[in-house]
Amino acid sequence: MRRLRACLGAAAAVGLAAAGTTALVAGSASGATSALSNRWYAAAPYLMPLDNDPPDPATIMDATGLKAFQLAFVLAPNGGGCSPTWGGTAAVSSDTAVQSVVNTIRAKGGDVSVSIGGYGGTKLGQVCSDAAATAAAYQQVITKYGLHAIDFDLEEPEYENTAAIKNEIGAAKILQQNNPGLYVSVTTAGTADGTGWFGKQMLLEAKSQGFTPNNFSIMPFDGGFNGAASQTSALTNFNQILQSTFGWDQATAYAHEGFSGMNGRSDTGEFFTQTDFQTVLDYATSHNMDRFTFWSLNRDRQCTPADNGGRTSGTCSSVAQNSWDFATYSVKFAGATPPSSTPTPTPTPTPPSTGCKPAWSSTAVYTVGNEVSYNNHNWKAKWWTQNETPVASDWGVWQDEGAC
């Protein structure tokens, strides 16, 4: 779910990127506004503008004081090629729908960043020939929307591809050089140890290329996490990884570290409530971290009562809340005061109790419709499988049927 989601004129464009020609972002045809402070881009929550029942950004801005949005996701075309699209299907070059969203936000004094990659789909780093070609594709997005910020969301399956990560990091470095003042974040998976082997390889690639973004952010969810304490522990461990990789002291590492959470019920059935967000926000601000964001505004509203706590959705949080409760923590991280009262922290809902199916076995063969239990949840197989651990995912074999 989370990520629950022409190469700028061929040789000429590649030559422009490689040569280091400065892109005049503010002079693009998109009518870009003046940049917000970097703190707003660092606080921008993710919003899918074309999928998952997109909320009206103007409504969120009026209710919370939020000024910046992280629009997701730019991918390579589903049919192949080195040109940017929204979700693999809508070409950036001919887009009007996302541009309309951008215009709405800017008309109210806000701005957007664009996130590239995410979970699933084909990323441009996988199909473009090299870093320069990848950068040229992303430059189209920057120019089209007059961007002052961009996010490289490096996840499965791309971050397991060494060549693709080399292209993405190289492209990020080129864009940083060619667009002075561009705010660049790099987001990747989180683990209890901070980040996993592929995340560490990505950091080493950045070090080898001499690339330092505004921040490296981890996503401490969907990996056996349980509330804020497990997340802040992962952030502490990630800080140590940044220190050892780049030779930074602790304060410098925190100044280049970010948090990207998931509000409510995660893909794997973890719960993160308003209380958890407040705890992580306090940790981030007290350690002078660079970024605090979450996935996603599409989910920042309460599910119907029958669904609360029992499923993971792309359009609601599965915890008790008022609409846009979680967005207010982003506003506070940006240094602003939400216009309404701070949301009341709510307890994790108790899912309805149901009988557990037979326990999942790594050696058994399951076919479509077979049901098992794993980690106190029931699961239904979508197709034939063996030795695939039940994990909730739009693309996975197992469908989460809720707690048991």
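Residues numbered from 1 in each chain as written. Predicted model: local features only at pLDDT ≥ 70, side-chain atom pairs only at ≥ 80, totals over all residues. Heavy atoms only, no water.

Per an unreviewed UniProt entry, the chain is named Chitinase, and its organism is Streptomyces mirabilis.

**Observations regarding the nonpolar core**
Nonpolar side chains in soluble globular proteins tend to be buried together. Applied cut-off: The criterion is simple. A nonpolar core is a set of buried Ala, Val, Leu, Ile, Met, Phe, Trp, Tyr and Cys residues joined through side-chain atoms within 4.5 Å. Type-normalised accessible area, obtained with a 1.4 Å probe on protein chains alone, sets the label of each residue: buried when under 20%, exposed when over 50%, and partly exposed for intermediate values. Counting from the N terminus, the helices are DSSP H or I runs at least four residues long and the strands are E runs at least two residues long. Note on contacts: a residue pair is in contact if any heavy atoms of the two residues lie within 4.5 Å.
Phe 69, Leu 71, Phe 152, Phe 216 and Phe 292 are the most contacted members of the largest nonpolar core, which has 97 residues in total. Top element by residues in this core is helix H6 (residues 131-145). It accounts for nine residues. Not counting residues up to four positions away in its chain, the partners in contact with Phe 292 are Ala 42, Ala 43, Phe 259, Phe 277, Val 280, Leu 281, Ala 284, Tyr 329, Ser 330 and Phe 333. Among the nonpolar cores identified, the runner-up in size contains eight residues, and Trp 360, Val 372, Ala 392 and Val 397 belong to it.

**A short note on the pattern of salt bridges**
This is how the line gets drawn: Within this document, salt bridges are pairs made up of a side-chain nitrogen of Lys or Arg and a carboxyl oxygen of Asp or Glu, the two lying within 4 Å of each other.
If you walk through the whole model with that rule in mind, you get five salt bridges. A salt bridge links Arg 301 to Asp 53, with the nearest nitrogen and oxygen atoms 3.6 Å apart. Remark: Asp 53 occurs in the loop between strand E1 (46-47) and helix H3 (57-64) and Arg 301 occurs in the loop between strand E12 (291-295) and helix H12 (327-333); sequence separation between them is 248 residues. Lys 357 is the salt-bridge partner of Glu 371, the closest N and O atoms lying 3.7 Å from each other. Of the two residues, Glu 371 is situated in strand E14 (residues 371-374) and Lys 357 in the loop between H12 and strand E13 (365-366); the sequence distance between them amounts to 14 residues.

**Details of the state of the cysteines**
Where we set the bar: Cysteine sulfur atoms that come within 2.5 Å of each other are treated as a disulfide pair.
Taken as a whole and judged by the stated rule, the model has two disulfides. Bridging Cys 303 to Cys 316, the disulfide has an S-S length of 2.0 Å. In this structure the cystine formed by Cys 303 and Cys 316 twists about its S-S bond by roughly 90°; its chirality is therefore right-handed. Pair noted here: Cys 303 is in the loop between E12 and H12 and Cys 316 is in the loop between E12 and H12, with a separation of 13 residues, a long-range link. When its relative accessible area of 5% is taken as the criterion, Cys 303 is described as buried.

**Some thoughts on the environment of Ala 392**
Position of Ala 392 among the secondary structure elements: in the loop between strand E16 (385-386) and strand E17 (398-403). Beyond its immediate sequence surroundings of up to four residues, Ala 392 is in contact with Asp 267, Thr 268, Trp 379 and Asp 400.

**Some words on helix H9 (residues 228-246)**
Just so we agree on the cut-off: Expected span of a helix, by definition, is 1.5 Å for each gap between consecutive residues, and there is one gap fewer than residues.
Taking 1.5 Å per residue, 19 residues should reach 27 Å; H9 reaches 27 Å between its end C-alpha atoms and fits that length. Looking at the packing, one finds that the buried side of H9 touches helix H8 (197-209), strand E8 (215-219), helix H10 (250-255), strand E9 (257-262), strand E11 (271-272) and helix H11 (274-286). Immediately downstream of H9, the backbone of Gly 247 shows phi near 75°, a positive value.

**Notes on the packing of aromatic side chains**
Put simply, the rule reads: Aromatic contacts are taken between Phe, Tyr and Trp rings whose centres are within 6.5 Å, Trp giving its six-membered ring; a plane angle under 30 degrees counts as stacked, one over 60 as edge-to-face, and the others as tilted. Only lysine NZ and arginine CZ atoms are considered, and such an atom sits over a ring when it is within 6 Å of the ring centre and within 35 degrees of the ring normal.
In total, this model carries 19 aromatic pairs according to the counting rule given. Seen in terms of ring centroids, Phe 246 and Trp 248 are 4.5 Å apart; in terms of plane orientation they differ by 15°. Their pairing is stacked. Side by side, Phe 246 and Trp 248 carry an identical accessibility label, which is buried. Put simply, the rings of Phe 259, Phe 277, Phe 292, Phe 294, Phe 326, Tyr 329 and Phe 333 touch in pairs and so form one group of aromatic residues. Positioned over the ring face of Phe 333 is Arg 39, at 3.7 Å from the centre of the ring.

**Regarding the sheet that holds strand E15 (residues 377-381)**
Put simply, the rule is: Any two strands between which DSSP finds at least two bridges are classified as paired. Axis definition: a line fitted to C-alpha atoms, over the contacting stretch in the case of helices. Angles run 0 to 180 degrees between N-to-C directions.
One open sheet accounts for three strands, arranged E14-E15-E17; its pairing is antiparallel. Only two strands of the sheet have a single neighbouring strand rather than two, namely E14 and E17. Pairwise comparison of adjacent strand axes, ignoring direction, gives a mean angle of 30° for this sheet. The pairing of E14 with E15 spans four bridges and is classified as antiparallel. Looking at the pairing, Val 372 lines up with Trp 379 of E15.

**Looking at unusual backbone geometry**
For the bond running from Ala 72 to Phe 73, omega is -10°, close enough to zero to count as cis. Position of Phe 73 relative to the elements: it lies in strand E2 (residues 68-75). Here the amide bond leading from Trp 295 into Ser 296 is cis, since omega sits at 0°, within 30 degrees of zero. By the element assignment, Ser 296 lies in the loop between E12 and H12. Phi at Trp 324 takes a positive value of approximately 70°, unusual for a residue other than glycine. Within the element layout of this structure, Trp 324 appears in the loop between E12 and H12. Phi at Asn 375 takes a positive value of approximately 55°, unusual for a residue other than glycine. According to the relative accessible area criterion, Asn 375 is exposed, its value standing at 58%.

**Details of the side chain of Gln 321**
Applicable threshold: Polar contact criterion, stated in full: a pair of N or O atoms within 3.5 Å, where within protein one must be able to donate a hydrogen and the other to accept it, and residues adjacent in sequence count only if both atoms are side-chain atoms.
You can see Gln 321 is positioned in the loop between E12 and H12. Side-chain polar atoms of Gln 321 contact the side chain of Ser 317, separated by 2.7 Å. In this structure Gln 321 touches Gln 274, Arg 299, Asp 300, Arg 301, Gln 302 and Phe 326, once residues within four positions along its chain are discounted.

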